[in-house]
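# Inside the fold
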Amino acid sequence: MAENRASQYAQYTEGTPCWVDAQLPDVEAGKRFYGELFGWTFEDQPQGTVRALKGGDPVASLAHKTDGRLPTVWTVSFATPDAGALCRRIHAAGGRIVSPPVPFGGLGVTALVTDPEGAVFSLWQGARTPGFGRRYEPGTFAWVQLYTRDTQAADTFYGGLFHDALFGPDADPGFGRAPVSDVFPAEMPPHFLVHFAVEDPGAALEEVVRLGGRVQVPPFGTSYGTAAVVTDNQGASFALLHR
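Residues numbered from 1 in each chain as written. Predicted model: local features only at pLDDT ≥ 70, side-chain atom pairs only at ≥ 80, totals over all residues. Heavy atoms only, no water.

### Thoughts on helix H5 (residues 201-210)
Side chains that are three or four residues apart share a direction in an α-helix, a result of its 3.6 residues per turn. Residues of H5 that are buried: Ala 204, Leu 205 and Val 208. Each buried residue of H5 lies within a common arc of 100° when the element is viewed along its axis, so the set occupies one face. Opposite its buried face, H5 presents the exposed residues Glu 206 and Arg 210, each directed more than 90 degrees away. Those residues of H5 hidden inside the fold are in contact with helix H1 (27-38), strand E12 (214-222), strand E13 (225-231) and strand E14 (237-242). You can read the cap of H5 off the contacts: a side-chain oxygen lies 3.2 Å from the backbone nitrogen of Gly 202, and it is on Asp 200. Just downstream of H5, Gly 212 is the residue with a positive phi angle, here 105°. (Buried < 20%, exposed > 50% of the residue type's maximum accessible area, 1.4 Å probe, protein only. Helix = DSSP H or I, 4+ residues; strand = E, 2+ residues; numbered from the N terminus. Arc of directions from axis to C-beta. Contact = heavy atoms within 4.5 Å. Polar contact = N/O pair within 3.5 Å; in protein donor to acceptor, adjacent residues only side chain to side chain.)

Structure follows, in structure tokens:
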């Protein structure tokens, strides 16, 4: 496992998960939920977002969902040195560009895309903020799992885009995939599920419920640890992971 502390000035290999953000109807309610659950503190950021801190280091962000028709959801961002070039490669490989690359408050460049099956993810071309300040420790990002109907097609798509991050000599992907029907109903669309590390899954699940969330899938074993799928108090799904 990689180090817990991730330097804010480190450069992430292209295709490494480097950030997660939640689109929520009520950011203040989100701050109360995640602040109590994970011990996060918060600071305002450009364009109305709120950055979550753990031990003073950036670990995630919360943003107000401006369109009620959009899902309440956690989204993972993958690092890239050139968001425009990666968007062109994604399009050529059968993916879709939802929002083309745009600057984000001088911190970097972001884009929103999908893979060929429709799973949504973001790209992050970091400038002043390359990504996580902490990861792989309780209350921070631990893993992201792609649930997809066609695992072979996913292997081809992501393996082609992010070969070094997934298979290179220094690979530390923090990223896997599984059939969508393994945990979720077969009608569930392909999607990424963000995992946060916890020390005590049972206590964490009790806290989720106490704070107004709910347990979707009780703890189950995976190749990367014991996970449980939950929703927050506004319906955004995420997972708790113990290794």
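### Section: the sheet that holds strand E8 (residues 120-126)
If you walk across this open sheet you meet the 8 strands as E2-E3-E4-E1-E5-E8-E7-E6, and the pairing is mixed. Where the open sheet ends on each side, the last strands, each with one partner, are strand E2 (41-44) and strand E6 (96-104). Across the sheet, the mean angle from the axis of one strand to that of its neighbour is 30°, orientation sign disregarded. In the sheet, strand E1 (residues 17-24) pairs with strand E4 (residues 57-64) via 4 bridges, with the strands oriented parallel. Note that in E4 the partner of Leu 24 across the bridge is His 64. Running over the sheet, H1 touches E1, E2, strand E3 (50-54), E4 and strand E5 (73-79) and is turned about 150° from E4. (Pairing = 2+ DSSP bridges. Axes fitted to C-alpha atoms, helices over the stretch in contact; angles between N-to-C directions.)

### With respect to helix H3 (residues 151-161)
Turning to H3, its buried residues number three or more, namely Ala 154, Phe 157, Tyr 158, Gly 159 and Leu 161. One side-chain oxygen of the residue at the start of H3 lies 3.3 Å from the amide nitrogen of Gln 152, identifying that residue as Asp 150.

### Side note on the pairing of E5
Regular strands show a simple pattern: their side chains alternate between the two faces of the sheet. Judged by how many residues are buried, E5 sits mostly within the fold: 6 of 7 residues are covered. Judged from the 6 bridges that link them, E1 and E5 form a sheet pairing that is antiparallel. Looking across to E5, one finds that Ala 22 is bridged to Trp 74.

### Here we look at the side chain of Arg 134
Within the secondary structure, Arg 134 sits in the loop between E8 and strand E9 (141-148). According to the relative accessible area criterion, Arg 134 is buried, its value standing at 17%. Within the structure, Arg 134 has its side chain in polar contact with the backbone oxygen of Lys 54 (distance 3.1 Å).

### Details of the pattern of salt bridges
Tallied over the full model, the rule gives 9 salt bridges. Arg 177 is the salt-bridge partner of Asp 155, the closest N and O atoms lying 2.8 Å from each other. Of this pair, Asp 155 sits in helix H3 while Arg 177 sits in strand E10 (residues 175-179), and the two are 22 residues apart along the sequence. On the accessibility criterion, Asp 155 (39% relative accessible area) is partly exposed. Between Arg 210 and Glu 207 there is a salt bridge; the shortest N-O distance is 2.7 Å. Residue Arg 210 and its partner Glu 207 are both found in helix H5; the two are separated by 3 residues, about one turn of the helix. The class for Arg 210 is exposed, based on a relative accessible area of 51%. What you see here is one network of salt bridges that share partners, running through Glu 36, Glu 207 and Arg 210. (Salt bridge = Lys/Arg side-chain N within 4 Å of Asp/Glu carboxyl O.)

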